[in-house]
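As a plain string of letters, each chain reads:
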Amino acid sequence: MDIQLKRGMLDVCVLAAIKDEDSYGYQIIKDMKPYVTISESTLYPILRRLEAGALLTVHSVEHNGRLRKYYHITDAGRARIEEFKEEWKELESIYRFIVKEEVRDEQTGIS
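Reading the values: rules and limits
- Residues numbered from 1 in each chain as written.
- Predicted model: local features only at pLDDT ≥ 70, side-chain atom pairs only at ≥ 80, totals over all residues.
- Heavy atoms only, no water.
- Helix = DSSP H or I, 4+ residues; strand = E, 2+ residues; numbered from the N terminus.
- Buried < 20%, exposed > 50% of the residue type's maximum accessible area, 1.4 Å probe, protein only.
- Salt bridge = Lys/Arg side-chain N within 4 Å of Asp/Glu carboxyl O.

- Where an unreviewed UniProt entry is consulted, the protein appears under the name PadR family transcriptional regulator, with the organism given as Coprococcus aceti.

The following block contains the structure:
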């Protein structure tokens, strides 16, 4: 998969993971696991990028004597999810076009 496309999709996946409630890094990874595997070394740069872009905010909470960073989606982050949904419709249309061409080629025997 194109790295830029995957990067953009992972950004939105992380936002989706925190859209209903604030969460912390390890929990985000666990929540995403049924859908996409992401490592800590991939997640934390995404979180920093999303914070720099004002798509989420960070606050610290003490947990078992240590500070844990919690991530909160902003209105701009929610808007990004909605933008992605619209972009996805266009990608689906492109995919249907590509598959249609492949089906036509299979039916006519063109390789």
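A few points about unusual backbone geometry
Next up, step 1: Although it is not a glycine, Ala54 adopts a positive phi angle of roughly 60°.
Next up, step 2: Within the secondary structure, Ala54 is located in the loop between helix H3 (40-52) and strand E1 (56-63).
Next up, step 3: Of note, the phi angle at Asn64 is positive, near 50°, even though the residue is not glycine.
Next up, step 4: Note that Asn64 resides in the loop between E1 and strand E2 (66-73).
Next up, step 5: The class for Asn64 is exposed, based on a relative accessible area of 72%.

What to know about the pattern of salt bridges
Next up, step 1: The final tally for this structure, using the stated rule, is six salt bridges.
Next up, step 2: Here Arg49 and Asp11 are joined by a salt bridge, their closest N and O atoms 2.7 Å apart. Taken as a pair, Arg49 in helix H3 and Asp11 in helix H1 (residues 3-17) lie far apart in primary sequence, 38 residues in all.
Next up, step 3: For Glu87, the salt bridge identified is with Arg80, shortest N-O distance 3.2 Å.
Next up, step 4: When salt bridges with common partners are traced through the structure, they connect Arg80, Glu83 and Glu87 into a single cluster.

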